[in-house]
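# Structure at a glance
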Amino acid sequence: MLTHYLVFLAETATIVLALLILAGGLIFLGRKGMRQPGARIQVTDLRAQLRRNGALVEQQRLDKASAKAAAKARKRHAKDEAAQVGDCTFVLDFKGDLRASAVASLREEVSAILAAARPGDRVLLRLESGGGMVNAYGLAAAQLLRLRAAQLHLTVLVDQVAASGGYLMAVTAHEIVASPFALVGSIGVVAQIPNFNRWLRERHIDFEQFTAGKYKRTVTLFGENTDAGRQKLREELEDIHAMFRHFVAEYRPSLDLEQVATGEAWLGIRAQELGLVDRLATSDTVIQEAADRGRVLAVRASGPSSWAQRLGLRAQQAWEGLLGAGDALRF
């Protein structure tokens, strides 16, 4: 029996060690991906792309002679457009997760636009986010404010959702455009964590935590939470909510905050009635309108270059999320 036990113990230790080595390797790759010097910027001419797609459809629709004549007309028109030096519209994309990890690319893209933009240029941001960590989405919103500070007109386009932290980003825009059934709003703050203290006590497992500072840790995953700790966390939530409300009021002063800052989210149609958005349309409609006026350039910063680095980055984010679960205040 002792021999079997020792063999089992050795096998278990080997598996645990292998998992630790694998996790360490993934985290190393993730950090390596995050330390990449200077993200590469990719620029796509969306107006030219729309023209090409339309030409392909038109070729199938017309007879051979008409298609040939139309192709010549498009070439002349393209030369005329290329000779025009007018305003330019830049298009950005932000797909948010809990940690707003796309902010790393956003800051590079904003910097690239600011280096090339001219007076009269515009920026469209296609935004999709249900919110996440307070500090992460606060930083994302601050990146968009750099565009406003440079006096570039910013329009946020919401096809599906801009809630909580996503709406915090959206209000920095001069104009918010949402599709009719996009989910918008959710001006509120939440903190939720499981507590395993009773489960540990039932198994006679002690959990010890040492802190310096009265409110260094208010509620925890494994310790016994107190009413005083819970009350302190509620006060922090109310304070952050007040700052959230103030931020929204600064950029959309016409909103009735008592009505909309309740944590509720609304579909685009109702959101427009409440003043949360300015116009109902899809991002495709707005981009087509911009293409009819002038050049439209999609700007994108590339992320980690290899699948291993991307996998490692996800592992790093998951690990940090697990370690910081007790501190996760979220929009």
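Remember, predicted model here, so these are calculated numbers, not experimental data.

## A few points about the overall build of the protein chain
A count of helices and strands for the protein chain gives 12 helices and 10 strands. Buried residues in the protein chain amount to 36% of all 331 residues. Intrachain contacts of the protein chain at a sequence separation of at least 6 include 76% that bridge at least 24 residues. In the form shown here, the protein chain has an accessible surface area of approximately 19,900 Å², with 56% of it arising from carbon and sulfur atoms.

## Some remarks on the packing of helix α5 (residues 134-149) against helix α8 (residues 227-251)
At their nearest, the axes of α5 and α8 sit 13 Å apart, and the two run at 15° to each other. In terms of their interaxial angle, α5 and α8 are classed as roughly parallel. Handedness of the α5/α8 crossing: left-handed. When α5 is examined against α8, the residues Val134, Ala141, Leu145 and Arg148 are found in contact with a partner set consisting of Ile240, Phe247 and Tyr251. Its residues assigned to classes, the contact of α5 with α8 shows 6 nonpolar, no polar and 1 charged.

## Some thoughts on the confidence of the model for the protein chain
Atom-level detail of predicted coordinates should not be read off regions where pLDDT is low. This prediction gives the protein chain a mean pLDDT of 84; 78% of its residues lie at or above 70. A low-confidence stretch, residues 323-327 (pLDDT under 50), is modelled with 5 contacts involving residues beyond four sequence positions or located in other chains.

## Thoughts on helix α11 (residues 283-293)
Residue pairs spaced three or four apart in an α-helix point in one direction, given the helix's 3.6 residues per turn. Residues of α11 that are buried: Ser283, Val286, Ile287, Ala290 and Ala291. Burial along α11 is one-sided: seen end-on, the buried residues are contained in an arc of 140°. Those residues of α11 that are exposed and aimed more than 90 degrees away from the buried face are Asp284 and Asp292.

## What about the pairing of strand β6 (residues 175-178)?
Direction of pairing for strand β4 (residues 153-158) relative to β6: parallel, over a ladder of 4 bridges. What sits directly across from valine 158, in β6, is alanine 178. The sheet contact formed by β6 and strand β9 (residues 279-280) spans 2 bridges and is parallel. Bridged to alanine 178 within β9 is leucine 280.

## What about the packing of aromatic side chains?
In total, this model carries 4 aromatic pairs according to the counting rule given. Here phenylalanine 247 and tyrosine 251 contribute two aromatic rings whose centre-to-centre distance is 5.1 Å and whose plane-to-plane angle is 55°, an arrangement assigned as tilted. With a gap of 4 residues between them, phenylalanine 247 and tyrosine 251 both fall in helix α8, about one helical turn apart. Classification of phenylalanine 247 by relative accessible area gives buried; the value is 18%. The class of tyrosine 251 is partly exposed, set by a relative accessible area of 21%. Cluster of aromatic residues (ring-pair linked, three or more members): Phe196, Phe207 and Phe222.

## Notes on the pattern of salt bridges
Throughout the structure, instances matching the rule amount to 8 salt bridges. Across the salt bridge formed by arginine 245 and glutamate 258, the nearest N and O atoms sit 3.0 Å from each other. Placement of arginine 245 in helix α8 and of glutamate 258 in helix α9 (residues 257-260) is noted, with a sequence separation of 13 residues between them. Owing to a relative accessible area of 22%, arginine 245 belongs among the partly exposed residues under this scheme.

## Things to note about the environment of leucine 127
Here leucine 127 is to be found in strand β3 (residues 122-128). The class for leucine 127 is buried, based on a relative accessible area of 0%. Setting aside anything within four residues of it in sequence, one finds leucine 127 in contact with Phe94, Val156, Leu157, Val158, Asp159, Val161, Ala162, Gly166, Met169 and Ala170.

## Describing the nonpolar core
By size, the foremost hydrophobic cluster in this structure holds 49 residues, and its most contacted members are Phe94, Leu125, Tyr167, Met169 and Leu276. Both domains that furnish three or more residues to this core are identified here as domain 2 (86-186 + 262-309) and domain 3 (188-254). In this structure tyrosine 167 touches Ala162, Ile176, Val184, Gly185, Ile187, Val248, Arg252, Leu255 and Leu276, once residues within four positions along its chain are discounted. One finds Leu46, Leu157, Val177 and Ala298 within the second-largest nonpolar core, a separate group that totals 12 residues.

The rules behind these values
Residues numbered from 1 in each chain as written. Predicted model: local features only at pLDDT ≥ 70, side-chain atom pairs only at ≥ 80, totals over all residues. Heavy atoms only, no water. Helix = DSSP H or I, 4+ residues; strand = E, 2+ residues; numbered from the N terminus. Buried < 20%, exposed > 50% of the residue type's maximum accessible area, 1.4 Å probe, protein only. Contact = heavy atoms within 4.5 Å. Areas by Shrake-Rupley, 256 points an atom, 1.4 Å probe, with all protein chains shown as cover. Axes fitted to C-alpha atoms, helices over the stretch in contact; angles between N-to-C directions. Parallel < 35°, antiparallel > 145°, perpendicular 65-115°, else oblique. Left-handed = near helix turned anticlockwise from the far one by under 90°. Nonpolar A, V, L, I, M, F, W, Y, C, P; charged D, E, K, R; others polar. pLDDT = per-residue confidence, 0-100. Arc of directions from axis to C-beta. Pairing = 2+ DSSP bridges. Phe/Tyr/Trp six-rings, centres within 6.5 Å; stacked < 30°, edge-to-face > 60°. Salt bridge = Lys/Arg side-chain N within 4 Å of Asp/Glu carboxyl O. Core = buried A, V, L, I, M, F, W, Y, C linked by side-chain atoms within 4.5 Å. Domains from an automatic or database assignment.

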